[in-house]
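A closer look at the structure
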Amino acid sequence: MQKEIESGNMNAVIFDLDGVIVHTDEYHYRAWKKLADRLGVCFDERINNRLRGVSRLESLEIVLENSAFSDIPDAEKAALADEKNKTYQTLLQAMTPDDLSPEVLKTLRALKERGCRMAIGSSSRNAPLILEKIGLAGFFDAVSDGNNITNSKPDPEVFLKAAEYLGVSAKDCVVVEDADAGIEAARRAGMKTIAMGDAARGGQADWSIQSFGEILTIMENIKRVMPILTE
Ligand code: BG6
Ligand code: MG
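So, a few notes on the structure that sits alongside this text. Not measured: the values here are computed from a predicted model.

This next bit is on unusual backbone geometry. Residue Pro 154 follows Lys 153 across a cis peptide bond; omega there is 15 degrees. Following the sequence through the fold, Pro 154 ends up in the loop between strand S3 (142–144) and helix H8 (157–166). Despite not being glycine, Asn 66 has its phi angle at roughly 65 degrees, a positive value. The topology assignment puts Asn 66 in the loop between helix H4 (56–64) and helix H5 (74–93).

If you want it as structure tokens, here you go:
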């Protein structure tokens, strides 16, 4: 019964991590750029935006497409993906809770105070390390990430798993994303979507926001409107 009342209020939020909770999307960019420069492969912001939400190996395929390295053996690709990940992890090691913006922290705490169920839905295998570095290990009710999925965004798997871990149905979840692939994944999962950053420019989401704090207003409006709609 309790669950039904909660789901009627659409009270679960699934957050992407990189580029939503924290600025690690910038570190992904820097690490790919370093690898691309070493190989002499063209890499810019436009290509980088296509990597948002997709797995490490799929990202490498995009970085190498149309280059002399596009057909190298799988073992060599794995070594290049590893090289990029090492650069990326060196950047992650220097992170502290100060890398979490006060606005994000304030909003997450306010959502929790209002009884909102919250999960991470990220394609990254580094998600646990990042959450620990920024002081959010244990904060979310559930974490679904690159370590528990077989298909990364735009496949809906990561979000469906997050809903399952939360114990709520997909239709009661709102997903916050900065990636077009993430918005598509959430829509395919049957969830509502809030876009920020690059995804906000795509115009495919239910809401687009400029700043993280706006999530609070959206969730409050949903609570006000949903009981009427579901009566
Ligand atoms: C996503 C990023 O969160 O994680 C992608 O948006 C990245 O750019 C993917 O490729 C996988 O990350 P990781 O940390 O496992 O290499
Ligand atoms: Mg992201």
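Let us look at the coordination of the magnesium ion (ligand 2). The coordination sphere of the magnesium ion (ligand 2) contains the protein donors Asp 16 (OD), Asp 18 (O) and Asp 178 (OD), at a distance range of 2.0 to 2.2 Å. Spacing between the donor residues of the magnesium ion (ligand 2) along the chain follows D-x1-D-x159-D. Using a relative accessible area of 4% as the deciding quantity, one classes Asp 16 as buried.

Two elements in contact, helix H2 (residues 24–39) and H4, have axes whose closest approach is 11 Å; the angle formed by their N-to-C orientations is 40 degrees. Judged by the angle between their axes, H2 and H4 are oblique. The way H2 lies across H4 gives a crossing that is right-handed. Taking contact as the criterion, the partners of Trp 32, Leu 35, Ala 36 and Leu 39 in H2 are, on H4, Arg 56, Ser 59, Leu 60, Val 63 and Leu 64. For the contact of H2 with H4, the per-class residue count stands at 7 nonpolar, 1 polar and 1 charged.

What follows deals with the site of ligand 1. Taken together, the neighbourhood of ligand 1 is formed by 15 residues, with Asp 18, Val 54, Arg 56, Ser 124 and Arg 125 sitting nearest. Within the backbone of Leu 51, an N or O atom sits 2.9 Å from an oxygen atom of ligand 1. At 2.7 Å, a backbone N or O of Val 54 approaches an oxygen atom of ligand 1. Protein contact buries 97% of the 390 Å² of open area that ligand 1 shows by itself. At a threshold of 2 Å from the grid points, most atoms of ligand 1 map onto the largest pocket. Looking at the shell around ligand 1 residue by residue, the class counts come to 3 nonpolar, 8 polar and 4 charged.

The rules we used
Residues numbered from 1 in each chain as written. Chains lettered and ligands numbered in written order. Predicted model: local features only at pLDDT ≥ 70, side-chain atom pairs only at ≥ 80, totals over all residues. Heavy atoms only, no water. Helix = DSSP H or I, 4+ residues; strand = E, 2+ residues; numbered from the N terminus. Donors = N, O, S within 2.8 Å, 3.2 Å for Na, K, Ca; no water. Buried < 20%, exposed > 50% of the residue type's maximum accessible area, 1.4 Å probe, protein only. Axes fitted to C-alpha atoms, helices over the stretch in contact; angles between N-to-C directions. Parallel < 35°, antiparallel > 145°, perpendicular 65-115°, else oblique. Left-handed = near helix turned anticlockwise from the far one by under 90°. Contact = heavy atoms within 4.5 Å. Nonpolar A, V, L, I, M, F, W, Y, C, P; charged D, E, K, R; others polar. Near = heavy atom within 4 Å. Polar contact = N/O pair within 3.5 Å; in protein donor to acceptor, adjacent residues only side chain to side chain. Areas by Shrake-Rupley, 256 points an atom, 1.4 Å probe, with all protein chains shown as cover. 1 Å grid on protein atoms, 1.4 Å probe; cavity = no way out; pocket = protein on both sides within 12 Å on 5 of 7 lines; lining within 4 Å. Sits in = over half its atoms within 2 Å of the grid points.

Nothing here speaks to function; it is all geometry.
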